[in-house]
Amino acid sequence: MEPAQPADRVPPDATPPDGQPPVRPGADPTPPPDGPPALVEPATDAGDHPAPPAGREKARSERSPKDMVLSLLILLVPIALLIAFYRGFLGGDSPVTVDPAPALDQARSANAFPVAAPSGLGDDWRTVNARFQTAADGATLRIGYVTPEGRGAQLVESNVGAEKLLPAELSDGQPQGPADLPDGLSWQRYTARGNEQALVLLEPNRTVIVVGDAREAELRKLATSLR
């Protein structure tokens, strides 16, 4: 009598159905997939990459501020040279001056009031504007100056009524008493807008105003230079 065979043992001559090759004992019955086996990439992690050497990072951080400073110097040096050339050779800080003669000639030709012109002020008094205007209520001559101290002063001559001219030129200016100038005329000291002050000469056919933020000594010099 032959011993019984184990249930999971396949006889050597057993043939699987559908013409498949026989399965040897202990082999995986799952057929391999078609084509070559797939290559599996090993798992990587960002932390697996080696960090750059500490010395290299330190050198890079030390160079960055230096490079920025050098770049700024490259930009600033030509600008500084241009500014120095503009100020030193082209007079970049000097105000643009004008010739007051045409405005004075227009005022005299209009014959609206006696026109007085400054005389003997010197080259350090720079004329920056000069204009003569006529309107329905009268005519006005304005000449603006930059004084030797670099401040502003303006000469105003007009036959517009003083009650209208003074508020327009001095804002809420108020009389402060006589100025006692050496020319013998009745100049009056006035306050003006902001930090300005004024000298005012009231005459029947004209009003003369010297006003600005210049010191009183310079305003007095401009007033007494009128001829």
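Residues numbered from 1 in each chain as written. Predicted model: local features only at pLDDT ≥ 70, side-chain atom pairs only at ≥ 80, totals over all residues. Heavy atoms only, no water.

- Named according to an unreviewed UniProt entry, the chain is DUF4245 domain-containing protein originating from Micromonospora robiginosa.

**Some words on the sheet that holds strand E1 (residues 126-135)**
- Pairing within the open sheet is antiparallel, and its seven strands lie in the order E1-E2-E3-E7-E6-E5-E4. Both edges of this open sheet fall to E1 and strand E4 (175-178), since each of them pairs with a single strand only. Between one strand and the next, the sheet's axes are offset by a mean angle of 20°, whatever the strand orientation.
- Across three bridges, the pairing between E4 and strand E5 (residues 187-191) is antiparallel. Its bridge partner lying in E5, Pro175 is registered against Tyr190. (Pairing = 2+ DSSP bridges. Helix = DSSP H or I, 4+ residues; strand = E, 2+ residues; numbered from the N terminus. Axes fitted to C-alpha atoms, helices over the stretch in contact; angles between N-to-C directions.)

**A look at the pattern of salt bridges**
- Applying the stated criterion across every chain yields a total of seven salt bridges.
- One salt bridge connects Glu149 with Arg215, and the closest N-O pair in it is separated by 2.6 Å. Separated by 66 residues along the polypeptide, Glu149 in the loop between strand E2 (138-146) and strand E3 (152-158) and Arg215 in the loop between strand E7 (207-212) and helix H4 (216-224) bring together distant segments of the chain.
- We classify Glu149 as partly exposed; its relative accessible area is 40%.
- A salt bridge links Glu157 to Arg206, with the shortest nitrogen-to-oxygen separation between them at 3.9 Å. Note that Glu157 is positioned in strand E3 and Arg206 in the loop between strand E6 (197-202) and E7, a separation of 49 residues in sequence.
- Here Glu157 falls in the buried class, since its relative accessible area comes to 0%.
- Overall, Arg206 belongs to the buried group, its relative accessible area being 13%.
- Three or more residues are tied together by salt bridges with common partners; here these are Glu157, Glu203 and Arg206. (Salt bridge = Lys/Arg side-chain N within 4 Å of Asp/Glu carboxyl O. Buried < 20%, exposed > 50% of the residue type's maximum accessible area, 1.4 Å probe, protein only.)

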